[in-house]
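Okay, here's what each chain looks like letter by letter:
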Number of protein chains: 2
Amino acid sequence: MNILIQGGNILTMESEEIQVGDIGIVDDRIAFIGRDETFVPDKVISADDCIVMPGLVNAHTHSAMTLLRNYADDLLFWDWLEGTILPIEDKLTGEDVYLGAKLAIAEMIRSGITTFADMYMFMDDVARAVEETGIRANLSQGITGQGEEGIEKIEESLSFYHKWNGSNDGLIRVDFAPHAPYTCDDAYIGHIMDTIKGLDTRIHTHLSESRDEVKRSLELHGTTPIAHMRDLGLFEFPTYAAHCVHLTDEDIEILKQNNVSVINNPGSNFKIANGFAPVKKLLQAGVNVSVATDGAASNNNLNMFEEMNLAALANKAVEEDATTVPAYTALSMGTINGARALGLETQIGTLAVGKKADIIIIDLSKPHFYPRFNLISSLIYSAQAGDVKTVLCNGQVLMQDYELLTMNEKEVLTEADLAAARFKNR
Amino acid sequence: MNILIQGGNILTMESEEIQVGDIGIVDDRIAFIGRDETFVPDKVISADDCIVMPGLVNAHTHSAMTLLRNYADDLLFWDWLEGTILPIEDKLTGEDVYLGAKLAIAEMIRSGITTFADMYMFMDDVARAVEETGIRANLSQGITGQGEEGIEKIEESLSFYHKWNGSNDGLIRVDFAPHAPYTCDDAYIGHIMDTIKGLDTRIHTHLSESRDEVKRSLELHGTTPIAHMRDLGLFEFPTYAAHCVHLTDEDIEILKQNNVSVINNPGSNFKIANGFAPVKKLLQAGVNVSVATDGAASNNNLNMFEEMNLAALANKAVEEDATTVPAYTALSMGTINGARALGLETQIGTLAVGKKADIIIIDLSKPHFYPRFNLISSLIYSAQAGDVKTVLCNGQVLMQDYELLTMNEKEVLTEADLAAARFKNR
């Protein structure tokens, strides 16, 4: 199928330049950017008075935790996690996770996300939701274990890998997710590494999220979580690590030396009161830093415009330097840097001929986009997720003129509500 | 006119309780909350699957600075202010300010703001925009001077007061705005105080916004800006002070003792890199703390949902305590605390029988509002400004089902764009 996106302000994210023009799509790929009078489209999408840019990459979430949105807020961390979230998570079924993932995907498409990296449980059910809705996803089962205990989860992850990796025309990738250093002991990390040798996969994990985690690692191993994972050899596999809030200068050097991508989650880190990740230092060191939403239980939405805005604003305040994380950097964190974290930078993250057609169209016909001095600034400092009007992933239109095309949205919302009512009383 | 708002989830902000019911409005006031079978409405507005709550109070902005939105970003403070903003502000005319204020009002209504406090220039033109559009506003001319120099601006402010205070059925109030301690010397502050004695007005000012301001005050007066203003007697007049970022414990005590309301502007403070105001300490001391957008040149929007969200999130991170600024507190900062700052707490800021009908209706039919565990949390942690569906101010419907009723929005947007093109080349 040939699709023409006509007459938008195109921000390719290959550079800060914005050009007015068209984008031609043939099947799943971008055929041209600019103008091609010979192109015969089957479908024309007007981008008049719009920005056209790459789909956003949400490189760390737990999608089905949408079901726990606004369930437990304004609590101390352990009251939140052990007192409320873990007990209710124990009640979730595969069907709940499927419904929660569908809800998450509806919300993500509406906010311009075309790729997400998910770490959770009942991942077959998440994969099913991803397949049905046409979004791109790196999926991983979050696993924890000590020595031989929990070893069957590694086998499950491996089966999940063989079943789904590369499926749905390559939209689904499968990664491996040792949950965190404090939930996986050294032997267990060793088993995971033995299992994935030679596989076409990545490591998705949480590192140095809280002060307490770092303190416990220092007590147990004499090293930080990041130095400890390096010592175990985990970073010999391509790795993307969520949070990385409490870092030493040596940690930053280790992340850089080992090409570990950092997934910054400001909304979650602030809300659960873990603090401010050293984003400026990480960027200066040349670490690939992306930004993501984390799960909706600690955020409480899947809104990349908010996360990019927080990354730009909060780091300026922390550093007391308004040049920190300028708008284009924040946009890069939400697009190409996320793609790089997931190993997809040759396919997505920018708009270029031959790349996959993961494209979003943002409606500028609102007061907060007037006047038009700087469209890049407007995306970070003025925009809302609800300004995303049309979304394509892999050349398929997932939302057009604010209408979701690959799911019955009303049904998804109702079913998520019913699921919440059920598991709450289980 | 009798209006019935039917069947919403009503959050009065008199307490955290949410009740499902109706609101009856007679002319400009709330006649009942709950149910009244005898009420005969001229107009019925459905609030099915919506939250109904008080209009938001944006207690510190410079509305016409919407014209400078996204004009100068990611710059060091003095490059931003002296290098770009002040030179371009010099080119603005009264007509520009009128068009900028209209643009701001369009944006504010769309984001649920029914009252704003404006400090700027060409205030007759702002008042004209306010009068035409039916929003509520405390207006003040920002004035600066040294001794006798600038004294005519005080006369202008006085004329403006006599012309507009209490006008448009009381929707317009006029305050006096000595811009800041560093732009008004002691004698000038004295002239202002002499002028306003006995008037029904308030002081709107900027205090302790930057480290540099505090440092200069200590050098010049041996005291902080806040202690210095107290010493001059300014706080004998009801005062609301924007920013208050860099405070000593003694400053906080002075603010409390003198009933000075603090208007917190997190978006602006972060973006211009002034840092984090001590919101937790201020609240603990019993200071009335509101939240506001500041001008769109340093934000870059007029989005109170973002500001309330920032106040809740960032203060948790700063304090490393997730119980800091819980959702209901953030909502209070955006409603009743703002009303209190402006001296309007008996008229607006909560929904109660006899109070003015400043009411907003928020559309919950979106993925980020599912499931429905806690609607108060959802307003702070999940909502977007664009979820505001219907807005009433003083009993008049300003927006219904996302359509602005008291202005030609398309024309306002176009004219703001044309104005920007004109003054840029002046």
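Residues numbered from 1 in each chain as written. Chains lettered and ligands numbered in written order. Predicted model: local features only at pLDDT ≥ 70, side-chain atom pairs only at ≥ 80, totals over all residues. Heavy atoms only, no water.

**Student:** Could you give me a rundown of the interface of chain B and chain A, with the residues and numbers involved?
**Tutor:** One widely used convention gives an interface's size as the accessible area the parts lose upon coming together. Of the residues lining the interface, 67 residues belong to chain B; the matching set on chain A comes to 68 residues. Buried surface at the junction of chain B and chain A, both sides included, amounts to about 5000 Å², of which 61% is carbon and sulfur. A per-residue breakdown of the area chain B buries against chain A is headed by Asp74(B), Pro367(B) and Phe373(B), which together make up 15% of the total. The interface formed by chain B and chain A contains four salt bridges. Measuring nitrogen to oxygen at the nearest pair gives 3.1 Å for the salt bridge that ties Lys316(B) to Asp74(A). Inspection of the chain B/chain A interface yields 30 residue pairs in polar contact (both at pLDDT 80 or more). Looking at the side of chain B that touches chain A, the elements with two or more residues in it are α2 (94-110), α9 (266-271), α11 (304-319), α14 (375-382) and α15 (409-424) of chain B. A per-element tally of the side of chain B that touches chain A places α11(B) first, with eight residues. Along the lines of polarity and charge, the residues of the side of chain B that touches chain A split into 31 nonpolar, 20 polar and 16 charged. (Contact = heavy atoms within 4.5 Å. Buried area = accessible area lost by both parts, 1.4 Å probe. Salt bridge = Lys/Arg side-chain N within 4 Å of Asp/Glu carboxyl O. Polar contact = N/O pair within 3.5 Å; in protein donor to acceptor, adjacent residues only side chain to side chain. Helix = DSSP H or I, 4+ residues; strand = E, 2+ residues; numbered from the N terminus. Nonpolar A, V, L, I, M, F, W, Y, C, P; charged D, E, K, R; others polar.)

**Student:** Tell me about the relation of the copies chain B and chain A, and name the residues and values.
**Tutor:** Least-squares fitting of chain B to chain A yields an RMSD of 0.0 Å, with the transformation described by 0.0 Å of translation along the axis and a rotation of 180 degrees. Those values place the two copies in the arrangement expected of a two-fold rotation axis. Here 100% of the interface residues in chain B have copies in chain A that are interface residues too; the copies meet face to matching face. (Least-squares fit on C-alpha atoms with pLDDT ≥ 70 in both.)

**Student:** Lay out the packing of aromatic side chains in plain terms, naming residues and giving numbers.
**Tutor:** If you walk through the whole model with that rule in mind, you get 15 aromatic pairs over all chains. Judged by centre distance (5.9 Å) and plane angle (45 degrees), the rings of Tyr161(A) and Phe176(A) are tilted. Within this pair, whereas Tyr161(A) is found in helix α4 (residues 151-164), its partner Phe176(A) is found in the loop between β9 (172-174) and β10 (177-178), the two being separated by 15 residues in sequence. In this pair, the class of Tyr161(A) matches that of Phe176(A), namely buried. For the ring pair Phe32(B) and Phe39(B), a centre distance of 5.2 Å and an interplane angle of 70 degrees mean the geometry is edge-to-face. Relative accessible area serves as the criterion here: at 9%, Phe32(B) is assigned to the buried category. Since its relative accessible area comes to 14%, Phe39(B) is described here as buried. A network of ring pairs unites the aromatic residues Phe270(A), Phe276(A), Phe270(B) and Phe276(B) as a single cluster. In this structure, Arg128(A) packs its charged tip against the face of Tyr98(A), placed 4.0 Å from the ring centre. (Phe/Tyr/Trp six-rings, centres within 6.5 Å; stacked < 30°, edge-to-face > 60°. Buried < 20%, exposed > 50% of the residue type's maximum accessible area, 1.4 Å probe, protein only. Lys NZ or Arg CZ within 6 Å of the ring centre and 35° of its normal.)

**Student:** Give a description of the pairing of strand β7 (residues 113-120) of chain A that names residues and reports values.
**Tutor:** Residues and elements named next belong to chain A. Counted residue by residue, β7 has eight buried out of eight residues, so it is predominantly covered. In this structure, strand β6 (residues 56-61) lies alongside β7, joined through four bridges in parallel fashion. The residue bridging Asn 58 from the neighbouring strand is Phe 116, located in β7. Viewed along the sheet, the connection from β7 through helix α3 (residues 123-133) into strand β8 (residues 136-143) turns out right-handed. (Pairing = 2+ DSSP bridges. Right-handed = clockwise from strand over helix to strand, strands pointing away.)

These values are about where atoms sit, not about what they do.
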